[in-house]
Amino acid sequence: MALLLAAVWLVAAEARAEPPPSEMTPVRTELVFGTIGIGAQAVHASLVALLRAELRGMSLSLIERQPAEPLSGWAREATGSGAVLVAILLDGRSEQGWRLVIIDAARGRAIVRALPGGLRDDAASIEAVASIAVSAASALQEGLEVASMPLAAVVGGAPTPSSPPAAADRHEKEQPVASKPRASWQARGQVGMSVATFSPTAPTMQGIAMALGLTFDERVEARAFGTAFLPTSIGGPLGDFRVTRTSVGIAAGPVLRSPMFSLAAEAGFVGERVGRHDATPAIGVVAAEPRALYRFGGVLALRLRRTLFRPLSVELVAGGLYFGRRLQFTAQSAESSWSETVWPAVAFTQLGLEIATN
């Protein structure tokens, strides 16, 4: 009996000495989030609202902590608490895109995800940031590893006695250099529908427009374009006939950009081919042989582009053309004559889809 009592006493003493599981492994229930840079701060409120809604079902709370230079200090403060599961930093200082830094607080490891273009070229970037953050938090809750890089390699490490503080500051200043450089040129292709004025009998003609262009340093755009119009019929007292019409041209001009829109003003030259076909003359009128007529002029236009998602955009074009040559269709009989003058000034509008490279 004495041996039994002694064994019970030893087991009880060991149980009292062993801390409960909650004291050995703290439960991490916080996600720290911060943004830096004008581009990222502009969407901070939207991201916070989206993250709160997603994290609520994961029993995680969102802690906002705005960073300041150097980022290594923010990383130490954000991951200093034992309740922090993951720290997320959205870096929008680069004009070419966003950097999303994900820090595993328990392991002290980090990873960087690049979002080229940011909100400027991709309206879905906000949802992408939230999706990446939630996926990382979910994986860490399950005990998985999501980061493989040393924290110092991503945001700069804490200064040590052998490394003066200036070294960490210099490392932070060098970070933007690693971002994607601005593209020196960008190719664009467009297809859409066009409406343009023509003559009193046929006030407007509809057609299909296509264009190929280049953007230089995101400031100047140049393009070659063409439009093929659907045939239209013109009739008068002496008969009727069909008219075909095609035009090609080149234009260039400056472009102004915002995160979601761009506005370009352009000027250039255009040539037009107008053909007469399938004439049906009235009785007593003889139809002449069909032939094509050409005229050349200038074009002024404004192009408004709205980014849907990278690389697709929708573009609205409006402008005018002026031709130096006046075209006229005429018909004569023994008793009367008839003529139709094609307007030398043309107003047009186009609506189309555009795909860009880079």
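You'll find the structure just up there.
Rules used in this analysis
- In this numbering scheme, every chain counts its residues from 1 along its sequence in written order.
- This being a predicted model, a pLDDT of at least 70 is required before a residue's local features are given, and a value of 80 or more before pairs of side-chain atoms are given or counted; all residues contribute to the totals for chains, interfaces and linings.
- Excluding hydrogens and water, the side-chain figures rest on all heavy atoms present in the structure.
- One bridge is not enough; two strands pair if DSSP finds at least two bridges between them.
- Counting from the N terminus, the helices are DSSP H or I runs at least four residues long and the strands are E runs at least two residues long.
- In this description, contact between two residues means that some pair of their heavy atoms is separated by no more than 4.5 Å.
- To obtain each axis, a line is fitted to C-alpha atoms, and for helices this fit is confined to the stretch in contact; angles are then taken between N-to-C directions over 0 to 180 degrees.
- Surface patches are defined over residues having more than 30% relative accessible area and no salt bridge, joining like charges when they lie within 9 Å and nonpolar side chains (Val, Leu, Ile, Met, Phe, Trp, Tyr) when within 5 Å.
- Each accessible area is a Shrake-Rupley estimate made with a 1.4 Å probe; only the visible protein chains count as cover when residues are assessed.
- Only one rule defines a salt bridge in this text: a Lys or Arg side-chain nitrogen within 4 Å of an Asp or Glu carboxyl oxygen.
- Burial here depends on accessible area, computed with a 1.4 Å probe over protein chains only, as a share of the maximum for the residue type. Under 20% is buried, over 50% is exposed, and the range in between is partly exposed.
- In a helix, the anticipated span is given by 1.5 Å times the number of residues less one.
- Take the buried residues of types Ala, Val, Leu, Ile, Met, Phe, Trp, Tyr and Cys, join any two whose side-chain atoms come within 4.5 Å, and each joined set is a nonpolar core.
- Aromatic rings from Phe, Tyr and Trp, with only the six-membered ring used for Trp, were paired whenever their centres fell within 6.5 Å, and each pair was classed as stacked if the ring planes differed by under 30 degrees, edge-to-face if by over 60, and tilted otherwise.
- Both a distance and an angle decide whether a charge sits over a ring: NZ of Lys or CZ of Arg must be within 6 Å of the ring centre and within 35 degrees of the ring normal.

### Details of the sheet that holds strand E3 (residues 84-91)
One key point about sheets: their strands pair by backbone hydrogen bonds, in either a parallel or an antiparallel sense.
Stage number 1. Overall, mixed pairing links the six strands, which are arranged E2-E1-E3-E4-E5-E6 in an open sheet. Of all the strands in the sheet, just strand E2 (61-64) and strand E6 (149-150) have a single pairing partner and so form its edges.
Stage number 2. As judged from the eight bridges shared by strand E4 (residues 97-104) and strand E5 (residues 109-116), these two strands associate in the antiparallel manner. Bridge assignment links Ile102 to a residue of E5, and that residue is Ile111.
Stage number 3. With respect to the sheet, helix H4 (residues 44-56) is in contact with strand E1 (30-36), E2 and E3, its orientation differing from that of E2 by roughly 155°.
Stage number 4. Helix-sheet contacts for helix H7 (residues 125-141) involve E1, E3, E4 and E5, and the interaxial angle to E4 is about 10°.

### A closer look at a nonpolar patch on the surface
Stage number 1. Together, Leu256, Phe261, Leu263, Leu302, Leu304, Leu316 and Leu351 line one region of the surface with nonpolar side chains, adding up to about 660 Å² of accessible area.
Stage number 2. Residue assignment for the nonpolar patch shows that the elements contributing at least two residues are strand E12 (261-281) and strand E13 (292-309).
Stage number 3. Topologically, Phe261 is positioned in strand E12.

### A short note on the pairing of strand E15 (residues 327-332)
Stage number 1. Along E15, the buried face is formed by Leu327, Phe329 and Ala331; none of Gln328, Thr330 and Gln332, which line the opposite face, is buried.
Stage number 2. Where E15 and strand E16 (residues 337-342) come together, six bridges link them in antiparallel fashion. Directly across from Leu327, in E16, lies its bridge partner Val342.
Stage number 3. Taking the residues that link successive antiparallel strands as the turn, the E15-E16 hairpin has four residues.

### Here we look at H7
Stage number 1. The end-to-end C-alpha distance of H7 is 24 Å, a good match for the 24 Å that 17 residues give at a rise of 1.5 Å each.
Stage number 2. Every buried residue belonging to H7 is among Ser125, Ile126, Val129, Ala130, Ile132, Ala133, Val134, Ala136, Ala137, Ala139 and Leu140, and all of these are buried.

### Focus on the nonpolar core
Stage number 1. Counting residues in hydrophobic clusters, the biggest one holds 28 residues, and the most contacted among them are Leu31, Phe33, Ile88 and Leu90.
Stage number 2. Of all the secondary-structure elements, those providing two or more residues to this core are E1, H4, E3, E4 and H7.
Stage number 3. The element contributing the most residues to this core is H7, with nine residues.
Stage number 4. The residues touching Leu90, leaving out its near neighbours within four places in the chain, are Phe33, Gly34, Thr35, Ile36, Ala40, Leu47, Trp98, Arg99, Leu100 and Val129.
Stage number 5. Formed by 27 residues, the second largest nonpolar core is a distinct cluster that contains Ala202, Ala211, Val270 and Ala301.

### Looking at the pattern of salt bridges
Close approach of charged atoms allows side chains with opposite charge to pair.
Stage number 1. Per the counting criterion, the structure on display carries 19 salt bridges.
Stage number 2. Linking Asp217 and Arg219 is a salt bridge whose minimum nitrogen-to-oxygen distance equals 2.4 Å.
Stage number 3. Overall, Asp217 belongs to the partly exposed group, its relative accessible area being 34%.
Stage number 4. On the accessibility criterion, Arg219 (44% relative accessible area) is partly exposed.
Stage number 5. Beyond isolated ion pairs, a larger network of salt bridges with shared partners links Arg188, Glu221, Arg223, Arg257, Glu266, Arg303, Arg305, Glu315 and Glu354.

### Things to note about the packing of aromatic side chains
Stage number 1. Enumeration according to the criterion identifies two aromatic pairs in this entry.
Stage number 2. Seen in terms of ring centroids, Phe241 and Phe329 are 5.0 Å apart; in terms of plane orientation they differ by 55°. Their pairing is tilted. Placement of the pair is Phe241 in strand E11 (residues 239-257) and Phe329 in strand E15, with a sequence separation of 88 residues.
Stage number 3. With relative accessibility at 7%, the residue Phe241 sits in the buried group.
Stage number 4. A ring pair is formed by Phe241 and Trp338, whose centres lie 6.3 Å apart and whose planes are at 65°; its orientation type is edge-to-face. Here Phe241, found in strand E11, pairs with Trp338, found in strand E16; they are 97 residues apart in sequence, far enough to count as distant. Both residues of the pair, Phe241 and Trp338, belong to the buried class.
Stage number 5. Members of the aromatic cluster, connected to one another through ring pairs, are Phe241, Phe329 and Trp338.
Stage number 6. In this structure, Arg245 is placed above the aromatic ring of Phe229, and the distance from its NZ or CZ to the ring centre is 4.6 Å.

### Remarks on the side chain of Asp91
Stage number 1. With respect to the helices and strands, Asp91 occurs in strand E3.
Stage number 2. Once residues within four sequence positions are removed from consideration, Asp91 is found in contact with Ile36, Gly97, Trp98 and Arg99.

### What to know about the environment of Gly213
Stage number 1. Looking at the element boundaries, Gly213 is found in strand E8 (residues 204-216).
Stage number 2. Considering only alpha carbons, one finds Gly213 and Gly189, 24 residues apart in sequence, at a separation of 6.4 Å.

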